[in-house]
Amino acid sequence: MSEAFERPLRVALLGCGVVGSAVARLLTEQADDLAARVGAPLQLAGIAVRRLNRHPDVDQSLLTTDAEALVSRDDIDLVVEVIGGIEPVRTLLLNALKSGKSVVSANKALLAEDGATLHAAATANGVDLYYEAAVAGAIPLLRPLRESLAGDRITRVMGIVNGTTNFILSRMDASGAGFAEALAEATALGYAEADPTADVDGFDAAAKAAILAGLAFHTRVTAADVFREGISEVTAADIASANAMGCTVKLLAICERSGTEESPSVAVRVHPAMIPRTHPLAGVGDAYNAVFVEAESAGSLMFYGRGAGAGPTASAVLGDLVAVARNRISGSRGAGESAYADLAVQPIGEVQTRYHVALDVADKPGVLASVAGAFADNGVSIRTVRQEGRGDAATLVLVTHDAPDAALSATVRRLAGYDFIRRASSVLRVEGMPAD
Ligand SMILES: NC(=O)C1=CN([C@@H]2O[C@H](COP(=O)(O)OP(=O)(O)OC[C@H]3O[C@@H](n4cnc5c(N)ncnc54)[C@H](O)[C@@H]3O)[C@@H](O)[C@H]2O)C=CC1
Ligand SMILES: N[C@@H](CC=O)C(=O)O
Ligand code: NA
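Just so you know, these numbers come straight off a predicted model, no measurement behind them.

A.B. asks: I'm lost on the nonpolar core in this one. Help?
C.D. replies: Side chains that are nonpolar tend, in soluble globular proteins, to be buried together. The biggest cluster of nonpolar side chains holds 77 residues, and the ones touching the most others in it are L14, V79, L141, I154, I211, L212 and V293. No other element matches helix α10 (residues 203-217), which puts 11 residues into this core. In contact with V79, not counting residues within four places along its chain, are A12, L14, V71, L93, A96, K101, S102, V103 and V104.

A.B. asks: Explanation requested: the pairing of strand β12 (residues 299-306) in the structure shown.
C.D. replies: In summary, the side chains of a regular strand alternate between the two faces of the sheet. In this structure, strand β11 (residues 288-295) lies alongside β12, joined through 8 bridges in antiparallel fashion. Each residue of the ladder has a partner; that of N289, found in β12, is G305. Between β11 and β12, which pair antiparallel in sequence order, lie 3 residues.

A.B. asks: Whenever I open this one, the coordination of the sodium ion (ligand 3) confuses me. Can you help?
C.D. replies: Ideal values for angles at a metal depend on the geometry: 109.5 degrees with four tetrahedral donors, 90 or 180 degrees with six octahedral donors. Distances from the sodium ion (ligand 3) to its protein donors, E132 (O), E132 (OE), V135 (O), G137 (O) and I139 (O), fall at 2.4 to 2.7 Å. Site description for the sodium ion (ligand 3): donor spacing in sequence, E-x2-V-x1-G-x1-I. Take V135 and G137: they sit in the same class, and that class is buried.

A.B. asks: Can you help me understand the pairing of strand β1 (residues 9-14) in this one?
C.D. replies: For β1, the buried fraction is high: 5 of the 6 residues fall into the buried class. With 6 bridges connecting them, β1 and strand β2 (residues 42-48) associate as parallel partners. Bridging from a neighbouring strand, L13 pairs with I47 of β2. Bridge count between β1 and strand β4 (residues 78-81): 4 bridges; the pairing is parallel.

A.B. asks: What's the story with empty space enclosed by the protein in this structure? I'm lost.
C.D. replies: Leftover empty space is mapped by rolling, across the atoms, a probe with the size of a water molecule. Scanning all chains against the criterion turns up 2 cavities of 30 Å³ or more. The volume enclosed by the largest cavity comes to roughly 60 Å³. For the largest cavity, the full set of lining residues is Y130, Y131, E132, L142, R143, R146, L215 and D320. It is helix α6 (residues 142-148) that contributes the most residues to the lining of the largest cavity, 3 residues altogether. Classifying every residue of the lining of the largest cavity by side-chain character gives 4 nonpolar, no polar and 4 charged. In terms of domain composition, the lining of the largest cavity takes at least three residues from each of domain 1 (3-137 + 311-330) and domain 2 (142-306). Taken together, H119, A122, T123, D128, L129, R146, R333, G334, A335, G336 and E337 make up the full set of residues lining the second largest cavity. It is helix α5 (residues 108-124) that contributes the most residues to the lining of the second largest cavity, 3 residues altogether. Of the residues belonging to the lining of the second largest cavity, the class tally is 3 nonpolar, 4 polar and 4 charged.

A.B. asks: Explanation requested: the site of ligand 2 in the structure shown.
C.D. replies: Of all residues adjacent to ligand 2, which total 13 residues, the nearest are K108, G163, T164, Y191 and D199. In this structure, N162 approaches ligand 2 through a side-chain N or O atom, which is 3.5 Å from an oxygen atom. Protein coverage of the free-state accessible area of ligand 2, which is 250 Å², stands at 94%. Of all elements in the fold, only α7 (163-175) and α10 reach the threshold of two or more residues within the shell around ligand 2. The residue inventory of the shell around ligand 2, partitioned by class, reads 4 nonpolar, 4 polar and 5 charged.

A.B. asks: Please clarify how the pattern of salt bridges should be interpreted in this entry.
C.D. replies: Two side chains with opposite charge may pair up if their charged atoms get near one another. Applying the stated criterion across every chain yields a total of 27 salt bridges. The salt bridge involving R73 is made with D75; its shortest N-O contact spans 3.0 Å. On the accessibility criterion, R73 (32% relative accessible area) is partly exposed. The salt bridge partner of R269 is E256, with a shortest N-O separation of 3.3 Å. Of the two residues, R269 is situated in strand β10 (residues 264-276) and E256 in strand β9 (residues 247-259); the sequence distance between them amounts to 13 residues. Among the ionic contacts, a cluster of salt bridges with common partners joins K108, E193, D204 and K208.

A.B. asks: Is there a simple way to explain the site of ligand 1 in this structure?
C.D. replies: The environment of ligand 1 is made up of 21 residues, and the closest members are V18, V19, K108, E193 and G309. Within the backbone of R50, one N or O atom sits 3.4 Å away from a nitrogen atom of ligand 1. With the chains in place, 84% of the 830 Å² that ligand 1 exposes on its own is no longer accessible.

A.B. asks: I keep staring at the UniProt feature "domain: ACT" (unreviewed entry) in the protein chain and nothing clicks. Help me out?
C.D. replies: Under the UniProt annotation, the feature "domain: ACT" (unreviewed entry) is placed at residues 356-435. The span residues 356-435 shows a helical share of 29% and a strand share of 39%, and its end C-alpha atoms are spaced 15 Å apart.

A.B. asks: Quick question: what am I supposed to make of the packing of aromatic side chains here?
C.D. replies: To describe a pair of aromatic rings, one takes the distance between the centres and the angle between the planes. Scanning all chains against the criterion turns up 3 aromatic pairs. Sitting over the ring of Y130, R146 keeps its end group 4.8 Å from the ring centre. When the ring centre of Y131 is taken as reference, the NZ or CZ atom of R146 above it lies at 5.7 Å.

A.B. asks: Would you mind going over the sheet that holds β1 with me for this structure?
C.D. replies: Two pairing modes exist for strands in a sheet, parallel and antiparallel, and in both the strands are linked by backbone hydrogen bonds. The 6 strands are arranged β3-β2-β1-β4-β5-β6 in an open sheet whose pairing can be described as parallel. Looking at strand neighbours, the two that pair on one side only are β3 (63-64) and β6 (129-130), the edges of this open sheet.

Each value, and the rule that gives it
The residue numbers shown here count from 1 along each chain, following its written sequence. Here the convention is simple: chains get letters from A, ligands get numbers from 1, in the order in which they are written. Given that this is a predicted model, residues contribute local features only at a pLDDT of at least 70 and side-chain atom pairs are listed and counted only at 80 or more, while totals for whole chains, interfaces and linings are drawn from all residues. With hydrogens and water excluded, all non-hydrogen atoms of the structure serve as input to the side-chain values. Remark: nonpolar core denotes a set of buried residues (Ala, Val, Leu, Ile, Met, Phe, Trp, Tyr, Cys) joined through side-chain atoms within 4.5 Å. Only protein chains enter the area calculation, which uses a 1.4 Å probe; residues under 20% of their type maximum are buried, those over 50% are exposed, and those in between are partly exposed. Secondary structure elements follow DSSP: runs of H or I of four or more residues count as helices, runs of E of two or more count as strands, with numbering from the N terminus. Here, two residues are considered to be in contact whenever any of their heavy atoms come within 4.5 Å of each other. What makes two strands pair is DSSP finding at least two bridges between them. Sites may look incomplete because water is not among the atoms; the donors themselves are N, O and S atoms within 2.8 Å of the metal, or within 3.2 Å for Na, K and Ca. Each cavity reported here is a set of points on a 1 Å grid over the protein atoms alone in which a 1.4 Å probe fits but cannot get out, each pocket an open set with protein on both sides within 12 Å along at least five of seven lines, and each lining residue one with an atom within 4 Å of a point. Grid points are joined across faces, edges and corners, and a volume is the space filled by probe spheres set on the points. Residue polarity is assigned by list, with Asp, Glu, Lys and Arg as charged and Ala, Val, Leu, Ile, Met, Phe, Trp, Tyr, Cys and Pro as nonpolar; anything else, Gly included, falls into the polar class. Marked domain ranges trace back to an automatic or database domain assignment. We define proximity as follows: a residue is near a molecule or strand when any one of its heavy atoms falls within 4 Å of that partner. Here a polar contact is recorded for every N or O atom pair within 3.5 Å, except that within protein the pair must consist of a potential hydrogen donor and a potential acceptor, and residues adjacent in sequence are included only if both atoms are side-chain atoms. The protein chains shown are the only cover counted for residues, whose accessible areas, like all others here, come from Shrake-Rupley with a 1.4 Å probe. Salt bridge criterion: a side-chain nitrogen from Lys or Arg within 4 Å of a carboxyl oxygen from Asp or Glu. UniProt positions are given in the numbering used here, feature names are shortened, and annotations may be inferred rather than shown by experiment. For Phe, Tyr and Trp, where Trp contributes only its six-membered ring, two rings pair if their centres lie within 6.5 Å, and the inter-plane angle classes them as stacked under 30 degrees, edge-to-face over 60, or tilted in between. Any Lys NZ or Arg CZ found within 6 Å of a ring centre and within 35 degrees of that ring's normal is scored as a charge over the ring.

Structure, rendered in structure tokens:
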């Protein structure tokens, strides 16, 4: 231990909600072990909260409603941010970094919106910015991407990165539970964001996808670069349709190296998709997350664990806290931002995807030919087609081969104009089926 740290390292905790209160508790309960692992005690020196008198389980003398004053204190070494959102957090963290404090954050929204500014401030001031908890909760994923796989070339990152929506879809699939009821349960369990539309509409997963793509492809990717569809449009009919195909519905984040060798790009998207029940991601239930990483030399890797909740998220926060504390003691810092590749982001319309389309149709001659014509006219090849039922209850179920997403959307728009189609009962992208 260097001379300067024969004293505790003092930690400011910003936010004391679901995650913050677990961090505060573990910092106390595990104090001796953490001190042994770091090489100096980690002393919780202040907790910024929005309202006093709402946190009976923590040392009341540590509470303050003045987060700015707390991060500016000269005696603070390390800052843990678990408030969430963009402002005032960005300003607080920039001030912390500029005054030489390393930062640990769980805030994917901020990192995906303006991680570059934070990274630049960390680098300029020789301190750390760690955020393992921001993506896939407890699962060690960002450090493996940033460090263990730094010698490899990653081609694809795909997985389930939002616990709340996975919890909702799992409930809808297994027990036919309603959407609202499942969301209320996920919120009560501490999985959902303060505003759960961030989960349901895919913003949370899109922020995580941006962070994953940035790390995987050494390129700056923001949430705005990510194509995003949430699960609010996923219906019981979609789930029934998926079941009939031997599939289930998951909200997936997919980050791919795309383009050509001469002109490489990245494609980053978040949307619900049908996947076969035999696919490993199909068995990921509850608020669990799972992420596949494909790399040229390593091959396929799978990361699995709890993606949300107080304990799992606090575990990742504390892991980062130990890392930045050790760096502080040794006078070193971890890897900073790596964005040298600077790849272009491919628009969703050009991304190759596959669709499943279920159409309630009038069962009469020529209908199948007209439907097939709509696909053919847009250059989309059909992989399988089957008809269920007869007469007024007839449904055509089609699965396409890979095609540009724009061509598939155009096909679905064309189908919507046909009067012999009563309705498209299910339109979903398909992932995880054997390659064409
Ligand atoms: N809950 C989870 O499972 C996970 C959460 N995260 C992230 O961790 C962060 C915190 O999440 P939760 O603890 O679930 O949220 P939460 O809403 O339970 O806690 C946030 C706390 O910050 C407080 N706060 C708001 N503005 C403040 C301010 N200006 N100064 C001090 N305190 C302020 C709120 O009153 C609240 O108690 C978010 O960025 C979230 O995205 C990341 C991974 C998992
Ligand atoms: N709301 C998020 C929490 C973790 O990041 C989720 O449900 O995954
Ligand atoms: Na993680």
